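# Residue-level structural notes
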Amino acid sequence: MTKPPAPRRHLPTSPFKAPVVPPVKQFGLGDRVSHDQYGLGRIIGVEDGIAMLVDFGSRHARIVSPYTGMNKL
């Protein structure tokens, strides 16, 4: 298993702006969510900081961090 590469550090003397890291979305067990691909669902399992198991009615899906496309209702 390989590690993801470390993010590049921003040098204070750089003429470019520092990259903005979006905050990690927080979800809890039982939260209602909406997903761009799967639709409406409810969180049925939590792997802290790694993934969420979501019940979308017709299927269960494991959505990994950073949970792109998933929003809390």
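For clarity, every value in this text was computed on a predicted model and none was experimentally measured. Along each chain, residues carry numbers from 1 onward, in the same order as the chain's sequence is written. Totals for whole chains, interfaces and linings use all residues, but because this is a predicted model, local features are given only for residues with pLDDT of at least 70 and pairs of side-chain atoms are given and counted only at 80 or more. For the side-chain quantities, the full set of heavy atoms in the structure was used; hydrogens and water were omitted.

### Some thoughts on the overall build of the protein
What counts here: Here a helix means four or more residues in a row that DSSP labels H or I, a strand means two or more in a row labelled E, and each is numbered from the N terminus. A 1.4 Å probe rolled over the protein chains alone gives each residue an accessible area, and that area as a share of the maximum for its type sets the label: buried under 20%, exposed over 50%, partly exposed in between. When checking whether two residues touch, look at their non-hydrogen atoms; a contact exists if any pair is within 4.5 Å. Areas reported here follow the Shrake-Rupley algorithm with a probe of radius 1.4 Å; residue values treat only the protein chains shown as occluding. Only four residue types enter the tally: Lys and Arg on the positive side, Asp and Glu on the negative side; His and the chain ends are excluded. Working definition for charges: the position is that of NZ of Lys, CZ of Arg, CG of Asp or CD of Glu.
Helices and strands together make up the secondary structure of the protein, namely zero helices and five strands. Helices and strands in the protein line up, N terminus first, as β-β-β-β-β. In terms of overall dimensions, the protein has C-alpha extents of about 50 × 30 × 20 Å along its principal axes. The proportion of buried residues among the 73 residues of the protein is 21%. Sequence-distant contacts in the protein: of pairs separated by 6 or more residues, those separated by 24 or more amount to 31%. Accessible surface computed for the protein: about 6100 Å², of which carbon and sulfur atoms make up 58%. For the protein, the distance from the average position of its 10 positive side-chain charges to the average position of its 5 negative side-chain charges is 11 Å.

### Overview of the packing of aromatic side chains
Short version of the rule: In this analysis, rings of Phe, Tyr and Trp, with Trp reduced to its six-membered ring, are considered paired at centre separations within 6.5 Å, and the interplanar angle assigns stacked below 30 degrees, edge-to-face beyond 60, and tilted for intermediate values.
According to the stated counting rule, one finds two aromatic pairs in the structure shown. With 5.5 Å between their ring centres and 90° between their planes, Phe27 and Tyr67 make a pair best called edge-to-face. Here the residue Phe27 occupies a position in the segment before strand 1 (32-35), and Tyr67 occupies one in the loop between strand 4 (60-64) and strand 5 (70-72), the gap between them amounting to 40 residues. Since its relative accessible area comes to 11%, Phe27 is described here as buried. Using a relative accessible area of 2% as the deciding quantity, one classes Tyr67 as buried.

### Remarks on the pattern of salt bridges
How we decide: What makes a salt bridge here is a side-chain nitrogen of Lys or Arg within 4 Å of a carboxyl oxygen of Asp or Glu, nothing more.
Applying the stated rule across the entire model yields two salt bridges. Taking the shortest distance from any N to any O, the salt bridge between Lys72 and Asp31 comes out at 3.5 Å. Of this pair, Lys72 sits in strand 5 while Asp31 sits in the segment before strand 1, and the two are 41 residues apart along the sequence. Across the salt bridge formed by Arg62 and Glu47, the nearest N and O atoms sit 2.9 Å from each other. With Arg62 in strand 4 and Glu47 in strand 2 (residues 39-47), the pair connects residues that are 15 residues apart, well separated along the chain. Residue classification places Arg62 among the partly exposed residues on the basis of a relative accessible area of 46%.

### Quick notes on the environment of Glu47
Given the relative accessible area of 33%, Glu47 is considered partly exposed. Sequence separation of Glu47 and Arg62 is 15 residues, and the distance between their C-alpha atoms is 9.8 Å.

### Brief notes about the sheet that holds strand 2
To summarise the sheet geometry, strands pair through backbone hydrogen bonds and adopt either a parallel or an antiparallel arrangement. The line we're drawing: A pair of strands is considered paired only if DSSP assigns at least 2 bridges between the two. Under this scheme, a helix contributes an axis fitted over its contacting stretch, all axes are lines through C-alpha atoms, and angles between N-to-C directions fall in the 0 to 180 degree range.
Strand order in the open sheet formed by five strands is 4-3-2-1-5, with antiparallel pairing between adjacent strands. Each edge of the open sheet carries a strand with a single partner, namely strand 4 and strand 5. Within this sheet the neighbouring strands show an average axis-to-axis angle of 40°, counted without direction.

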